[in-house]
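Structural overview
One-letter residues, chain by chain:
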Amino acid sequence: MRLRFHCQNRIGILRDIVAPFADYGLNVARGEVGGEHGNAIYLHVPNLLNAQLATLKPELEAVPGVFGVRRVNLMPSERRHLELDALLSSLSEPVMSIDMEGHVVAANRAAGQLLGVRIDEVPGLSLDRYLPEVDLPGLIRRNNARVNGLRIKLRDTIFLADIAPLHREHQDDVASLAGAVVTLHRADRIGERIYHVQRQELRGFEAIFQASPRLAALIREARRMAPLDAPLLIQGETGTGKELLARACHLASDRGQAPFMALNCAGLPESMAETELFGYAPGAFEGARPEGKLGLLELTAGGTIFLDEVGEMSPRLQVKLLRFLQDGGFRRVGSDEETWLDVRVICATQQDLPRLCAEGHFRQDLYHRLNVLSLTVPPLRECRDGIEVLAAHFIDRAARQIGCRLPSLAPAALARLVAYHWPGNVRQLENVLFQAVSLCEGETIEASHLRLPDVGNVPGLVGIDLQGSLADILGEVERRVLAALYPQHPSSRQLGKRLGVSHTTIANKLKRHGLGGEES
């Protein structure tokens, strides 16, 4: 059991606190001093039982200078260890801490996989067996400063190493080298990393294109809701950018400098989703870490948690999330200790939550808690007037990443993009155009470069807005027919012949619908 004593910072108080445990024959395994002014003492008493604590508590609180005693889940050093472990585990690049003899002191999971050993076997390994041609301790001594981009070969793979020296202070305030933290980046993925950095340069609402009036209206709504400290529900089909919108709302709020964590509720077993979100206590179940695990909620303290596909959440997790939304409290798996946090919740779903509520698959009270603020992201097929601008942006970005000349988009290719039904929405458009740029050997992307599967293309009136007048509805049908046939008959004369009308009529209709056309 771990205890926290809120107490006065005075000489001998630790001795007075520990004495009652000795009288009961209880061993205090570890103690730590915390608090801003040393006004908190933490003790780890492994064999202390709840009944013994109930007996001891009055005696402990009677110690002069002790103001209160309560159970805690973690010692401060354990929490720091878990936070560091969570940070290192989230990094995809191998990260190692080495001493001045070239031995690995600590490493993350990616480094263990690279070295071909279990993570618990990493400490103590000598890097000489992996890097016989590189004297890292000697390099650190010579430079005594950060080294970026050192090219090394490890297990037949070329890496660029960033080396940050670690210093320790002596009593005479003279710093000496204690080792270094080494981060390895695969050389063949540097271009990819630069691309992802470029993608994150505009992380707020500026990163969401507003070429379509529907998207512009959505962003105006989102800007008004972002500063409000209440749950937000984002609805929309897959690939419409719900997480991007959630991040933008987070950045535009007062929590913008605090953490933003995301959890996809779909496809995770109930037990895994629960421990990922709420964490677990030390020794909560067989195979659990002895020190326990911090959940995403605690790692997000003060920030925003994004729960994607919340409609897939199990009934048990729905109950725990509802309680957290009601009072901000929860319990880790295997713990009876309450934890209270200030975290904003943003959820997203592509499902019809009211229908799930009616069918008994989603709690009605949770739905109303989540739906305090709501945004609906329109599908791409309802924002066709913005496809040309979006396409130009994605083509430019793909050309920069691939390192080729910027190609143009042929009118027939644009017409095919506008006519397509886009089941994967903006994400699919980006992927299709990236592939098209990679396939294009000339200066123009033709319709043949667009790999657009017909899966999910439902005939009939699906996707057609039936709210307007008959003229509006027929106009939309006419536009779709022309957009679908124009790539196969790319001129007003050819298309007119195909449809049995004059080329002048077709030219006017193409112009009216913004599809364009070339005479041939």
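The shown structure was predicted, so the numbers you read here are calculated from the model rather than taken from an experiment.

As a further point, take the overall build of the chain. Regarding its fold elements, the chain presents 19 helices and 18 strands. Taken over C-alpha atoms, the radius of gyration comes to 30 Å for the chain, far larger than the 24 Å a tight globule of 520 residues would show. In the chain, which comprises 520 residues, the share counted as buried stands at 44%. Considering only contacts in the chain between residues 6 or more positions apart, those separated by 24 or more positions represent 64%. When the accessible surface of the chain is totalled, it reaches about 27500 Å², and 51% of it is carbon and sulfur. Taking the average place of the 59 positive charges on the side chains of the chain and the average place of its 63 negative ones, the gap between the two points comes to 3 Å.

This paragraph deals with the environment of Cys 404. Secondary-structure assignment places Cys 404 in the loop between helix H14 (387–402) and strand E17 (408–409). What makes Cys 404 partly exposed here is its relative accessible area of 33%. In contact with Cys 404, not counting residues within four places along its chain, are Ala 399 and Val 437.

Here we take up the environment of Asn 108. With respect to the helices, strands and loops of the structure, Asn 108 is situated in the loop between strand E6 (104–107) and helix H4 (109–115). Accessibility expressed as a relative area gives 2% for Asn 108, which makes it buried. Sequence-wise, Asn 108 and Ser 374 are 266 residues apart; in three dimensions their C-alpha atoms are separated by 39 Å.

With that out of the way, let us pick up the nonpolar core. Membership of the largest hydrophobic core comes to 29 residues, with the highest contact counts inside it found for Leu 297, Ile 305, Leu 307, Val 310, Val 345, Phe 362 and Leu 370. Where this core is concerned, the elements lending two or more residues are helix H9 (270–278), helix H10 (296–299), strand E12 (304–308), helix H11 (315–327), strand E15 (344–349), helix H12 (353–358) and helix H13 (364–370). Considering each element in turn, this core owes the most residues, five residues, to H11. Once residues lying within four places of it in the same chain are set aside, the contact partners of Leu 307 are Leu 263, Cys 265, Leu 277, Met 313, Leu 321, Val 345, Ile 346, Cys 347 and Ala 348. The next biggest cluster of nonpolar side chains, apart from the first, holds 26 residues, and it includes Leu 125, Ile 140, Ala 161 and Ala 180.

Moving on, we come to the sheet that holds strand E2 (residues 30–34). Spatially, E2-E3-E1-E4 is the arrangement adopted by the four strands of the open sheet, whose pairing is antiparallel. The strands lining the two open edges of the sheet, one partner per strand, are E2 and strand E4 (66–72). Each neighbouring strand pair of the sheet contributes to a mean axis angle of 20°, computed without reference to strand direction. Direction of pairing for E2 relative to strand E3 (residues 40–44): antiparallel, over a ladder of five bridges. Considered in E3, the bridge of Arg 30 is made with His 44. Here helix H1 (residues 13–23) sits on the sheet and contacts strand E1 (2–7), E3 and E4; the angle it forms with E3, its principal contact strand, is near 30°.

The residue His 513 is located in the segment after helix H19 (503–512) in this model. In this structure the side chain of His 513 is engaged in a polar contact, spanning 2.8 Å, whose partner is the side chain of Glu 478. The contact partners of His 513, leaving out residues within four places of it in the chain, are Gly 475, Glu 478, Arg 479 and Leu 482.

What follows concerns the environment of Ala 447. Along the polypeptide, Ala 447 turns up in the loop between strand E18 (444–445) and helix H17 (470–485). Here the alpha-carbon distance between Ala 447 and Arg 79, two residues 368 residues apart in the chain, equals 56 Å.

When the pLDDT values of the chain are averaged, the result is 84; 91% of them are 70 or greater. Across residues 194–202, confidence stays below pLDDT 50; counting only partners more than four residues off in sequence or on other chains, it has six contacts.

Turning to the sheet that holds strand E11 (residues 260–264), a few remarks are in order. On the basis of which strands lie adjacent, the open sheet formed by five strands has the order E11-E12-E15-E10-E16 and parallel pairing. In the strand order of this sheet, the two ends are held by E11 and strand E16 (373–376), each with one partner. Geometrically, the sheet is characterised by an average inter-axis angle of 20° between neighbouring strands, direction not taken into account. Across four bridges, E12 lies against E15 in parallel orientation. Each residue of the ladder has a partner; that of Phe 306, found in E15, is Ile 346. The strands touched by helix H7 (residues 213–225) within the sheet are strand E10 (232–235), E15 and E16, with E16 carrying the most contacts at an inclination of about 160°.

With that settled, consider the side chain of Ser 97. In this structure, Ser 97 sits in strand E5 (residues 95–98). Discounting chain neighbours no more than four positions away, the residues touching Ser 97 are His 103, Val 104, Val 105, Ala 106, Leu 166, Ala 180 and Val 181.

Moving on: the packing of H14 against helix H16 (residues 425–439). Remark: H14 packs on H16, axes separated minimally by 9 Å, with the N-to-C direction vectors making an angle of 50°. Taken as axis vectors, H14 and H16 run oblique relative to one another. Considering how the two elements wind past one another, H14 and H16 form a crossing that is right-handed. On the side of H14, the interface is formed by Leu 390, Ala 391, Phe 394, Ile 395, Arg 397, Ala 398, Ala 399, Gln 401 and Ile 402, while H16 contributes Val 426, Leu 429, Glu 430, Leu 433, Phe 434, Val 437 and Ser 438. Classifying every residue of the contact of H14 with H16 gives 12 nonpolar, two polar and two charged.

Looking now at unusual backbone geometry. Most peptide bonds take the trans configuration, and most residues that are not glycine carry a negative phi. Residue Glu 309 is not a glycine yet carries a positive backbone phi of 50°. Mapped onto the elements, Glu 309 comes out in the loop between E12 and H11. When its relative accessible area of 9% is taken as the criterion, Glu 309 is described as buried. Of note, the phi angle at Asn 425 is positive, near 60°, even though the residue is not glycine. Tracing the sequence through the fold places Asn 425 in helix H16.

This part covers the pairing of E10. A two-sided burial pattern is seen for E10, the buried positions comprising Leu 232 and Ile 234 on one face and Leu 233 and Gln 235 on the other. Here E10 pairs with E15 via four bridges, running parallel. Within E15, the position partnered with Leu 233 by the bridge is Cys 347. Across four bridges, E10 lies against E16 in parallel orientation. Bridged to Gln 235 within E16 is Thr 376.

The rules we used
Residues numbered from 1 in each chain as written. Predicted model: local features only at pLDDT ≥ 70, side-chain atom pairs only at ≥ 80, totals over all residues. Heavy atoms only, no water. Helix = DSSP H or I, 4+ residues; strand = E, 2+ residues; numbered from the N terminus. Rg over C-alpha atoms; globule rule 2.2 N^0.38 Å. Buried < 20%, exposed > 50% of the residue type's maximum accessible area, 1.4 Å probe, protein only. Contact = heavy atoms within 4.5 Å. Areas by Shrake-Rupley, 256 points an atom, 1.4 Å probe, with all protein chains shown as cover. Lys, Arg positive; Asp, Glu negative; His and termini not counted. Charge placed at Lys NZ, Arg CZ, Asp CG, Glu CD. Core = buried A, V, L, I, M, F, W, Y, C linked by side-chain atoms within 4.5 Å. Pairing = 2+ DSSP bridges. Axes fitted to C-alpha atoms, helices over the stretch in contact; angles between N-to-C directions. Polar contact = N/O pair within 3.5 Å; in protein donor to acceptor, adjacent residues only side chain to side chain. pLDDT = per-residue confidence, 0-100. Parallel < 35°, antiparallel > 145°, perpendicular 65-115°, else oblique. Left-handed = near helix turned anticlockwise from the far one by under 90°. Nonpolar A, V, L, I, M, F, W, Y, C, P; charged D, E, K, R; others polar.

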